[in-house]
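# Results of the structural survey
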Amino acid sequence: MPCESDGRILQGYFDGELDLVRSVEYEEHLKACPDCAAGLREQQVLRQSLRSSNLYARASEALSARIRTELPGAMVQPTVIPMRRRPALAWAALAAAIVIAIFLGTRVVPNIGGQRQKTLIAQEIVASHIRSLQPGHLFDVQSTDQHTVKPWFDGKLDFAPPVTDFANQGFPLVGGRLDYLDDRDVAALVYQRQKHLINVFIWPMESKPTKLPEIQAIQGYNLIFWWRDGMYFCAASDLSVAELRQLAKLLGQ
Ligand SMILES: [Zn+2]
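Anyway, here's the lowdown on the structure attached to this text.

About the criteria used
Residues numbered from 1 in each chain as written. Predicted model: local features only at pLDDT ≥ 70, side-chain atom pairs only at ≥ 80, totals over all residues. Heavy atoms only, no water. Pairing = 2+ DSSP bridges. Helix = DSSP H or I, 4+ residues; strand = E, 2+ residues; numbered from the N terminus. Contact = heavy atoms within 4.5 Å. Axes fitted to C-alpha atoms, helices over the stretch in contact; angles between N-to-C directions. Patch = residues over 30% accessible without salt bridge, like charges linked within 9 Å, V, L, I, M, F, W, Y side chains within 5 Å. Areas by Shrake-Rupley, 256 points an atom, 1.4 Å probe, with all protein chains shown as cover. Salt bridge = Lys/Arg side-chain N within 4 Å of Asp/Glu carboxyl O. Buried < 20%, exposed > 50% of the residue type's maximum accessible area, 1.4 Å probe, protein only. Parallel < 35°, antiparallel > 145°, perpendicular 65-115°, else oblique. Left-handed = near helix turned anticlockwise from the far one by under 90°. Nonpolar A, V, L, I, M, F, W, Y, C, P; charged D, E, K, R; others polar. Phe/Tyr/Trp six-rings, centres within 6.5 Å; stacked < 30°, edge-to-face > 60°. Lys NZ or Arg CZ within 6 Å of the ring centre and 35° of its normal. Core = buried A, V, L, I, M, F, W, Y, C linked by side-chain atoms within 4.5 Å. Arc of directions from axis to C-beta.

So, about the sheet that holds strand β7 (residues 231–237). The pairing of strands in a sheet comes from backbone hydrogen bonds and takes either a parallel or an antiparallel form. The strand order β1-β2-β3-β4-β7-β6-β5 describes an open sheet built from seven strands, whose pairing is antiparallel. Either end of the sheet is taken by a strand with one partner, and the two such strands are β1 (141–142) and β5 (214–218). Direction of pairing for strand β2 (residues 173–181) relative to strand β3 (residues 184–193): antiparallel, over a ladder of eight bridges. If you follow D179 over to β3, its bridge partner there is V186. Packed onto the sheet, helix α9 (residues 241–250) meets β3, β4 (196–204), β5, β6 (221–228) and β7 and runs at close to 25° relative to β6.

Before going further, it helps to spend a moment on a nonpolar patch on the surface. On the surface, a nonpolar cluster with roughly 240 Å² of combined accessible area is contributed by L63, I67 and L71. Checked against the element boundaries, I67 lands in helix α4 (residues 61–70). The partly exposed category is assigned to I67, whose relative accessible area is 41%.

Turning our attention to the packing of helix α1 (residues 7–14) against helix α2 (residues 20–32). The N-to-C vectors of α1 and α2 enclose an angle of 115°; their axes lie 11 Å apart at closest approach. By the criterion of interaxial angle, the relationship of α1 to α2 is roughly perpendicular. Note on packing geometry: the crossing formed by α1 with α2 is left-handed. Here I9, L10 and Y13 of α1 lie close against α2, whose contacting residues are S23, Y26, E27 and L30. A class-by-class count of the residues in the contact of α1 with α2 yields five nonpolar, one polar and one charged.

For the structure shown, the criterion picks out six aromatic pairs. Relative to Y232, the ring of F225 lies with its centre 5.9 Å away and its plane at 25°, an arrangement referred to as stacked. Comparing F225 with Y232 shows no difference in burial state: the two are buried. A network of ring pairs unites the aromatic residues W203, F225 and Y232 as a single cluster. One residue, K156, lies across the ring of W152, its end atom 4.3 Å from the ring centre. Positioned over the ring face of F171 is R193, at 4.3 Å from the centre of the ring.

Time to look at the pattern of salt bridges. Any two side chains of opposite charge can pair, on the condition that their charged atoms come close. Overall, the coordinates contain seven salt bridges when judged by the stated rule. Where D19 meets R22, a salt bridge forms, and the shortest distance between an N and an O atom there is 3.6 Å. The residue D179 makes a salt bridge to R177 at a minimum N-O spacing of 3.0 Å. We note that D179, like R177, is buried.

Counting 46 residues, the largest nonpolar core has I125, L189, Y191, I198, V200 and W203 as its most contacted members. When contributions to this core are tallied by element, the ones reaching two or more residues are α7 (115–132), α8 (146–152), β2, β3, β4, β6, β7 and α9. Setting aside anything within four residues of it in sequence, one finds Y191 in contact with T164, F166, F171, P172, L173, V174, H196, L197, I198, V200, L247 and L251. In this structure, L10, F14, L30 and C33 belong to the second largest nonpolar core, which totals seven residues.

So, on to α9. Restricting attention to buried positions, one finds in α9 the residues L244, L247 and A248. Along α9, the residues classed as buried sweep out an arc of 105° about the axis, all on the same side. The exposed set on the far side of α9, more than 90 degrees from its buried face, consists of A242 and K249. Against β3, β4, β6 and β7 lie the buried residues of α9. Following α9 by one or two positions, G252 has its phi on the positive side, about 95°.

Moving on to the pairing of β2. With seven of nine residues buried, β2 is to be regarded as a mostly interior element. As judged from the two bridges shared by β1 and β2, these two strands associate in the antiparallel manner. Of the residues in β2, the one forming a bridge with Q142 is G175.

With that settled, the discussion passes to unusual backbone geometry. Most of the time, phi is negative for any residue but glycine, and the peptide bond is trans. A positive phi angle, near 50°, is found at D182, a position not held by glycine. Mapped onto the fold, D182 is located in the loop between β2 and β3. Phi at D229 is positive, roughly 50°, even though this residue is not glycine. Looking at where D229 falls in the secondary structure, it is placed in the loop between β6 and β7.

Here you go:
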């Protein structure tokens, strides 16, 4: 079967520009597509050889002199002289560097911090939700009995997620599994609403994050976040926000 993906997806993947969901999708594609796999290897070899070779050469005096005469007014050291002439620009560059440093600093904090961190986690959650819908990935323990699902988590997590079946309210519990989000193991409870599946991700968080409650829609999936009793919850599904909120309310939103 010829590959239908164009080179831009490969390039985006190689440059780390795809979001998490597309990366996961493309990794699946790579397993089945020898063309893309070969293309990726070529890129890796090219990058490696560019990194290991010395591509910088100092211009000879004669060449420098010729360029200077052919470009009237050209700066010999353009990175230094304009800075001196325009100190405001230098300060702006310094300020930007500090902002970037602070931004990178907050991004690696493993708790939910700013809006960007929330978006990253939301993308991780959507990727986990999509992965769980692939055959064989939904459950580690398949049961509609909360007394089976709850003890299954014992010893597998360093916290005890609340597990309740809401079949009478139209949201039967169908199972659970271990998942990985925000750099830690989390519980994922699986509920069903007619034909729709809902993942409820739960992990401990000591204090209530400042901006709550929150709803996010990513790639056709709705996410609802809330905090209760030292735990952070996220319900993810293709259900409407209104229906998803019913389950969130039952779970103590
Ligand atoms: Zn391909």
